[in-house]
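Notes for the structure review
For reference, the chains in residue letters:
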Amino acid sequence: MISGIQIALKNAIDVIAPPATPLQDFTYHWKQLMNFYVSHLTDCKVPVQNTSIPRHLDVLLDILLQEEKEENEPGPCLEYLLQHKLLDLLATLASAETPPGMRTICLAFLRKLLGRSKYPLLHHASIYTPIQRLVALCNGNPPSPIETEEVQFLLTICFLVCKYPHVTNIINDAPVVQAVNNPAKKENERTEIQRVTYIPTRKRNNSNPLFEPLDTQAITLISPNLFDKERRRLPRSSHVFKATASDPGQLSRRSNESVSSRDESISSSPLAQKSVCNSPSLDAKSNGQWEEKSEENSTGNKIDQHLQNLRDLRLNADCNVYDDANYVARDDQSLKSQKTPEKSKCLLLDALMSYLNSADNTVRIRACEGIMVLASLDDPSFAQTVTRSELPTIVATRLETLFNAIPAHVDHLDIYNVDVTWGLDSPLWTQEKKFPGCRQVAAFFMWYDYCNQLIREAQIELAEMLARTIRVIFFERIVTPALADHHVVLITALVAKCLKETTSSILCTEISYWLVGQDRDLEIPNVWTSPVLHRLIENCFTDSNDLTVETLKLFEEAIDKRNEHILHCLLLIYLSTRAYYDNTAADSVIASWSDEEDEREKEKKGSLDLSYEQNHSRTLAPSNIHRVINCFLSLMPRYLQTDLDVNNYEKYMPAWEQQYTSVLSDCALMAWPLEAVMVDDCASSDSRPEADHCSGRFYMGPFLTMLFDKVSNMPKQTYEVNLEVTGLISRLALFPHPYLHEFLLNPLLPLIPGTKSLFLCLQKVIKQLVNEIPKTPENKLMLTETRQRLLSTRSQEEEKENILFESAVVTEEFCKDLAAIAYVKYHHSI
């Protein structure tokens with residue numbers, strides 16, 4: 001019974017006083033928000049958190065979002081917001097920071113509105129114009145106290161641009177702004193502004209201020225210097241009301257409906273009320289003329305004329321400065337003396353780049369995210385704009401700065417333990433003291449990882465420019481001269497780590513140009529055509545074991561990149577002519593590995609017998625594979641072997657099998673030949689005199705020459721150096737290039753006189769070991785103990801190293817590795 005009475009009472013109240021519509025609630029809270037500025041004409045220093053502004057903006061946001069949920073098309077509140085350009089006024093309040101903290105509130109309101117709305121709003125002039133102004137206000141130089149909110153706002157705009165790529169140029173291009181230099185025109189404009197500016201001496205009645213004609217121009221008294229800058233002229237498109245992309249007719253249709261019901265919609269607009277009720281420039285005569293003209297024209301003309309009147313009277317972007325990102329209200333003298341900066345063609349990108357040096361790691365990472373989003377946009381014209389921007393230079397310069405900040409006392413062995421990425425999972429490395437200089441090293445590699453990822457995600461034109469700029473500014477200008485510095489060990493370790501972390505093929509290509517040069521022709525002996533490569537090779541022959549090891553690690557990382565240009569310039573250009581092969585040897589000397597046997601078999605089978613055609617390489621899978629394996633396994637004399645199991649090389653095969661599979665996959669597109677065949681001497685190029693057999697001896701290039709010299713010197717080198725040398729050659733032997741394969745892994749290959757080979761170098765090493773080791777008493781026991789010590793995982797610092805015996809163990813294991821690699825490649829090629 002009581003419930004029925006309550007329902008009846010509620011129905012009666014609804015009939016007498018109907019509940020407010022969402023549009024009425026929206027206009028109510030907007031008026032309440034504007035009333036703050038009417039009530040605080042002389043005191044605007046109260047923090048915005050102590051006012052009702054945040055609460056009213058939250059309610060306005062809730063009304064807009066709730067309207068979207070209840071309707072399948074844009075509702076009257078959203079239309080009201082767009083038609084009357086309320087966001088322009090919010091942007092003005094944010095630029096003036098009135099009251100203090102208003103910028104943060106406005107940024108949060110717009111971020112939530114645009115991020116949660118299901119409609120694509122960015123292309124509306126009443127949306128992107130204030131967005132441009134707010135983006136210009138976001139500047140991290142100098143550091144801003146609200147940079148967290150600013151960068152979140154910028155990141156939201158980036159994601160929206162990524163979602164709606166058609167608005168890329170609208171959001172990112174700064175509007176064309178022209179200064180008005182005519183003094184008479186300036187004075188007329190100032191008089192016009194004064195007419196619509198709130199006059200504080202105007203008396204107010206005692207009625208409820210909520211329902212009074214609201215003066216939205218009171219902002220000019222809060223920031224009296226707001227109009228001291230020259231008036232700016234907006235593009236014509238900023239005054240055009242556009243519908244959403246989903247249904248272009250929806251908003252315009254609702255616009256006609258709202259104009260026809262002016263009592264509810266237009267009269268409730270603060271801007272319209274100001275224009276109709278408070279403007280001294282509109283007298284009765286002008287109002288009468290406007291109404292008469294409106295009745296004669298169509299509904300579309302009514303809208304155009306009404307909007308024109310609003311533009312003449314409201315505080316529009318015509319009266320606001322949005323092109324200066326560092327705008328703060330200044331006195332007349334400072335504004336007159338200030339020159340207008342050159343307008344950026346990529347407003348959003350410039351704003352994000354200003355936060356790259358922020359002290360807040362989170363802000364810096366968010367800015368990096370936004371830049372990566374913009375760099376990955378599938379818009380060729382915008383990609384060209386970003387390419388021509390300062391982004392490549394800023395990225396490379398920051399890499400240089402962080403590199404120079406690394407202390408010289410950092411231990412090069414600690415470099416390889418640094419494992420960071422540019423994201424939020426790496427700050428522990430910058431906060432904890434894991435080793436002296438840890439923070440600076442981690443900061444450098446975090447930024448290098450970002451550069452690598454940015455190049456991977458960016459459009460091809462931008463990615464190439466970024467990589468090229470990093471090569472020129474960082475590698476060529478900074479790293480190259482440092483390779484001859486007294487801190488070269490640390491620098492070499494840093495570069496090797498950079499190579500290891502590089503996953504972008506474009507960046508890897510630019511690094512390869514720096515490492516071996518862009519020229520793909522043969523090197524002439526004793527002539528430096530690639531200064532970086534020759535500097536690194538010279539560093540391998542210094543007295544510093546640490547420098548030798550780090551340089552060999554750098555070469556190892558370069559080989560592991562499996563970059564075609566690096567492999568070509570280091571190795572293949574010298575071997576592809578097969579100038580090392582002695583084709584004058586007798587048939588009994590020529591191994592069945594070679595192409596001569598293939599030619600003989602082809603003649604026997606017949607040239608028209610297509611069944612002979614093979615889909616595998618006989619160079620990589622010879623019929624005498626067991627002879628090849630036995631050559632390597634029997635190289636070390638039995639009395640010097642520490643592992644008496646002859647077939648023990650098989651335990652290495654699973655690991656090499658896995659690595660060879662990876663190498664085959666990476667090299668599948670390199671278009672290498674299938675077989676090693678002779679090149680006609682008459683066809684040798686004039687530009688390659690070293691390739692001609694008649695012109696001189698075979699030259700294997702500076703890189704292989706260095707490696708073979710290091711192999712020959714193994715009995716006199718430390719264990720660490722020998723380990724790096726043998727590991728590097730093993731990686732080279734894995735490549736499925738027929739010429740490289742037979743030159744490294746064919747002990748039976750007939751070579752022209754005076755040519756070094758890997759097998760001959762190993763024979764030289766064994767000869768030295770045979771001459772020196774027997775001179776040591778109990779050498780067999782020492783060999784066994786040395787093997788156990790080297791293969792043990794426990795550190796035995798008390799054990800004194802013996803270079804001679806360690807080199808014997810390394811040589812023995814190296815021969816097993818070569819035998820295992822030869823068999824693995826044979827197994828894959830049959």
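Quoted straight from UniProt, the Sequence similarities (unreviewed entry) entry for the chain says "Belongs to the FHIP family."

**Here we look at helix H22 (residues 438-457)**
Spanning 20 residues, H22 covers 28 Å between terminal C-alpha atoms, matching the ideal 28 Å at 1.5 Å per step. Of all 20 residues making up H22, 14 are buried, and the element is well covered by its neighbours.

**Structural notes on a negative patch on the surface**
There is a patch of like negative charges on the surface, built from Asp411, Asp546, Glu720 and Glu801. If you trace the backbone, Glu720 turns up in helix H33 (residues 719-733).

**What about the pattern of salt bridges?**
Within this structure, the stated rule accounts for 19 salt bridges. Salt-bridge contacts for Glu369 lead to Arg366; the nearest nitrogen and oxygen are separated by 3.0 Å. Taken together, the residues span about one helical turn, with Glu369 and Arg366 both in helix H18 (residues 361-375) at a distance of three residues. One salt bridge in this structure joins Arg477 and Glu400, with 2.9 Å as the shortest N-O distance. Of this pair, Arg477 sits in helix H23 (residues 460-482) while Glu400 sits in helix H20 (residues 391-404), placing them 77 residues apart in sequence. If you follow the salt bridges from partner to partner, you end up with Asp643, Arg787, Glu812, Glu813 and Lys816 in one network.

**A few points about the packing of helix H31 (residues 653-666) against helix H37 (residues 803-829)**
Two numbers describe how H31 lies on H37: the axes approach to 9 Å, and their chain directions differ by 55 degrees. As judged from the angle between their axes, H31 and H37 are oblique. For H31 against H37, the interelement crossing comes out right-handed. Contacts between H31 and H37 pair Met653, Trp656, Glu657, Tyr660, Thr661 and Leu664 from the former with Asp817, Ala820, Ile821, Tyr823, Val824, Lys825, His827 and His828 from the latter.

**Focus on helix H24 (residues 488-501)**
With 14 residues, H24 extends 20 Å between its outermost C-alpha atoms, agreeing within 8% with the 20 Å of an ideal straight helix rising 1.5 Å per residue. For H24, a buried count of 12 out of 14 residues is recorded, marking the element as mostly surrounded by other parts of the structure. Elements that come into contact with the buried residues of H24 comprise H20, H22, H23, helix H25 (505-516), helix H26 (531-539) and helix H27 (545-560).

Scoring rules and cut-offs
- Residues numbered from 1 in each chain as written.
- Predicted model: local features only at pLDDT ≥ 70, side-chain atom pairs only at ≥ 80, totals over all residues.
- Heavy atoms only, no water.
- UniProt positions renumbered as here; feature names shortened; annotations may be inferred.
- Helix = DSSP H or I, 4+ residues; strand = E, 2+ residues; numbered from the N terminus.
- Expected span 1.5 Å × (residues − 1).
- Buried < 20%, exposed > 50% of the residue type's maximum accessible area, 1.4 Å probe, protein only.
- Patch = residues over 30% accessible without salt bridge, like charges linked within 9 Å, V, L, I, M, F, W, Y side chains within 5 Å.
- Areas by Shrake-Rupley, 256 points an atom, 1.4 Å probe, with all protein chains shown as cover.
- Salt bridge = Lys/Arg side-chain N within 4 Å of Asp/Glu carboxyl O.
- Lys, Arg positive; Asp, Glu negative; His and termini not counted.
- Charge placed at Lys NZ, Arg CZ, Asp CG, Glu CD.
- Axes fitted to C-alpha atoms, helices over the stretch in contact; angles between N-to-C directions.
- Parallel < 35°, antiparallel > 145°, perpendicular 65-115°, else oblique.
- Left-handed = near helix turned anticlockwise from the far one by under 90°.
- Contact = heavy atoms within 4.5 Å.

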